[in-house]
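Fold and geometry: a report
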Amino acid sequence: MREELIAQLNAWHEADEYEEIVSRIKEVPTPLIDEELAVHLGRALNNLGRYREALKWFNKAADQGKKDPLWHFRVGYAHYYLDEYDQAIKAFKKANKLDPEDQDTIEFLEWSRSEKAALAAADEDSEDAEEASEADSGSDPSPDAESDAVKETKH
């Protein structure tokens, strides 16, 4: 029976029937969802864009996943789409260490690093603009002061 369930989950995955996977696994009482089912559920949730929920299920399989590059990739994938680039980089680095030839991992690792750098640059630009705005507000005369200055020069 177990083998049939796993075969069905894999078939649904191949057919992009992720909701079917989630529905079927959630029929199993939570305490009986083992690491293998948790990974299937996490993978389906990732594919549905439910990344935070996927991470909860991947964490249930953390012991099994420690030496599995695909598990680390899936964790990194969830973090990447949650814009949690530091965690994504960490997971993709581990996946890359375990399987240095995986091109998807390499690509997501590069994307994560680029997104992190872009965010840092945007934050820096925002801080610079804020500082410039604060500096400008201290030196610019208020509209009333400006009109008073204009009035004085006209007299």
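Everything in this summary refers to the structure shown in the same document. Given the structure is predicted, the values throughout are model-derived calculations rather than measurements. (Residues numbered from 1 in each chain as written. Predicted model: local features only at pLDDT ≥ 70, side-chain atom pairs only at ≥ 80, totals over all residues. Heavy atoms only, no water.)

Some details on the nonpolar core
Counting residues in hydrophobic clusters, the biggest one holds 26 residues, and the most contacted among them are Leu9, Ile21, Ile25, Ile33 and Leu37. Secondary-structure elements contributing two or more residues to this core are helix H1 (2-14), helix H2 (18-26), helix H3 (35-47), helix H4 (51-60) and helix H6 (69-81). The dominant element in this core, judged by the number of residues it contributes, is H3, at 6 residues. Residues within four places of Leu37 in sequence aside, it is in contact with Arg2, Leu5, Ile6, Leu9, Ile25 and Leu32. With 9 residues, the next largest nonpolar core counts Phe73, Ile89, Ala95 and Leu109 among its residues. (Core = buried A, V, L, I, M, F, W, Y, C linked by side-chain atoms within 4.5 Å. Buried < 20%, exposed > 50% of the residue type's maximum accessible area, 1.4 Å probe, protein only. Helix = DSSP H or I, 4+ residues; strand = E, 2+ residues; numbered from the N terminus. Contact = heavy atoms within 4.5 Å.)

Overview of the environment of Thr105
Mapped onto the secondary structure, Thr105 falls in helix H8 (residues 103-139). Classification of Thr105 by relative accessible area gives buried; the value is 2%. Note: C-alpha distance between Thr105 and Gly76 (29 residues apart in sequence) is 8.9 Å. Thr105 has contacts with Phe73, Phe92, Ala95 and Asn96, leaving out every residue within four places of it along the chain.

Here we look at H2
Restricting attention to buried positions, one finds in H2 the residues Tyr18, Ile21, Val22 and Ile25. Looking down the long axis of H2, one finds its buried residues gathered within 95 degrees of arc, a one-sided arrangement. Structurally, H2 contributes buried residues whose contacts are with H1 and H3. (Arc of directions from axis to C-beta.)

So, H1
Look at H1: 19 Å from first C-alpha to last across 13 residues, which is about the 18 Å you get at 1.5 Å a residue. Buried within H1 we find Leu5, Ile6, Leu9, Trp12 and His13. Along H1, the residues classed as buried sweep out an arc of 125 degrees about the axis, all on the same side. Facing away from the buried side of H1 by over 90 degrees, the exposed positions are Glu3, Glu4 and Glu14. On its buried face, H1 is in contact with H2 and H3. Just past H1, the residue Asp16 takes up positive phi, approximately 60 degrees. (Expected span 1.5 Å × (residues − 1).)

This is a description of form; function is not addressed.
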